[in-house]
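These are the residues of each chain, in order.
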Amino acid sequence: MKRYLPLLFATYLLIPFTACTDREAGGGVSPYTLEDTDESPFESADLSLLELRHRVKRVTKTIYYSVIPGDGSVEIDTAAVNRLETTVYFDSLGNYVQRRDERIERDQLGRMTRWEDRRPNHRRLHGGFLKDTLSYRHVSENVVESEGMGDFAVTVYDDSHRIVGQYTDPKIDGEHTAVFNVYRNEDDRGNWTERLSVWITQTPGARPHTSYTLERREISYYN
């Protein structure tokens, strides 16, 4: 599995977020609504991209890569080598708080259109050289196309900002990937806290291969 499939804090070809310690304001995003009720939840472009609603402050997400689904249960391997924990932050206006080396471009609606990781990929190379980049095209409220790191992906959301699935196509011969999500738990604000992802990968000339990941999120909110 590719290293960002999830980051990608996002397990998908969105933003490959990693553990966030050096924080600075994201800025530039106006919330879709200032209310925060069950009927009219607080929303922003960044929260929606990362499958969130209401006034989220911090999200810690753990992805388990060695997973065996069973009859009504899921067996996971909690060894450090088989899991990845990431944390992201949002300011009080729903802006993603970017890391020191990240650069983000947005459209007129405040939606992310480009993400860059400007850290050097090799020692003694200046920042920005060989940087990772992702670009986004917001086709509709339910469909986002993303391109970068050698792949093109189409991500489909439902009306509650949850990812239904994603298809990834490599620019050069490689694995074609489709992922479908099964949501298992949510908190009292309606944000999901556990989901099982079913991955279908296929290389040219080979039969499709199925694997599973389990993701859990701990979400804290502004008062």
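Rules used in this analysis
Residues numbered from 1 in each chain as written. Predicted model: local features only at pLDDT ≥ 70, side-chain atom pairs only at ≥ 80, totals over all residues. Heavy atoms only, no water. Helix = DSSP H or I, 4+ residues; strand = E, 2+ residues; numbered from the N terminus. Buried < 20%, exposed > 50% of the residue type's maximum accessible area, 1.4 Å probe, protein only. Contact = heavy atoms within 4.5 Å. Polar contact = N/O pair within 3.5 Å; in protein donor to acceptor, adjacent residues only side chain to side chain. Core = buried A, V, L, I, M, F, W, Y, C linked by side-chain atoms within 4.5 Å. Phe/Tyr/Trp six-rings, centres within 6.5 Å; stacked < 30°, edge-to-face > 60°. Lys NZ or Arg CZ within 6 Å of the ring centre and 35° of its normal.

Asker: Sorry, what's going on with the environment of Asp159 here?
Answerer: Along the chain, Asp159 turns up in the loop between β9 (151-157) and β10 (163-170). Judged by relative accessible area, which is 67%, Asp159 ranks as exposed. Between the C-alpha atoms of Asp159 and Asn142, which are 17 residues apart in sequence, the distance is 7.0 Å. The residues touching Asp159, leaving out its near neighbours within four places in the chain, are Arg53 and Asn142. A polar atom in the side chain of Asp159 sits 3.1 Å from the side chain of Asn142.

Asker: Quick question: what am I supposed to make of the nonpolar core here?
Answerer: Here is a general trend for soluble globular proteins: nonpolar side chains tend to be buried in one another's company. Membership of the largest hydrophobic core comes to 20 residues, with the highest contact counts inside it found for Leu52, Val56, Val59 and Phe90. Listing elements by their share of this core, those giving two or more residues are α1 (45-49), β1 (56-64), β6 (112-117), β7 (132-138) and β13 (209-221). Other than its neighbours up to four places away in sequence, Val56 contacts Leu47, Phe90, Asp91, Asn191, Ile219, Ser220, Tyr221 and Tyr222.

Asker: Sorry, what's going on with the packing of aromatic side chains here?
Answerer: For any pair of aromatic rings, the description consists of the separation of the ring centres together with the inter-plane angle of the planes. In total, this model carries 1 aromatic pair according to the counting rule given. Stacked on the ring of Phe42, the Lys or Arg Arg55 has its end atom at 4.1 Å from the ring centre. One Lys or Arg, Arg189, reaches over the ring of Tyr221 and ends 4.3 Å from the middle of that ring.

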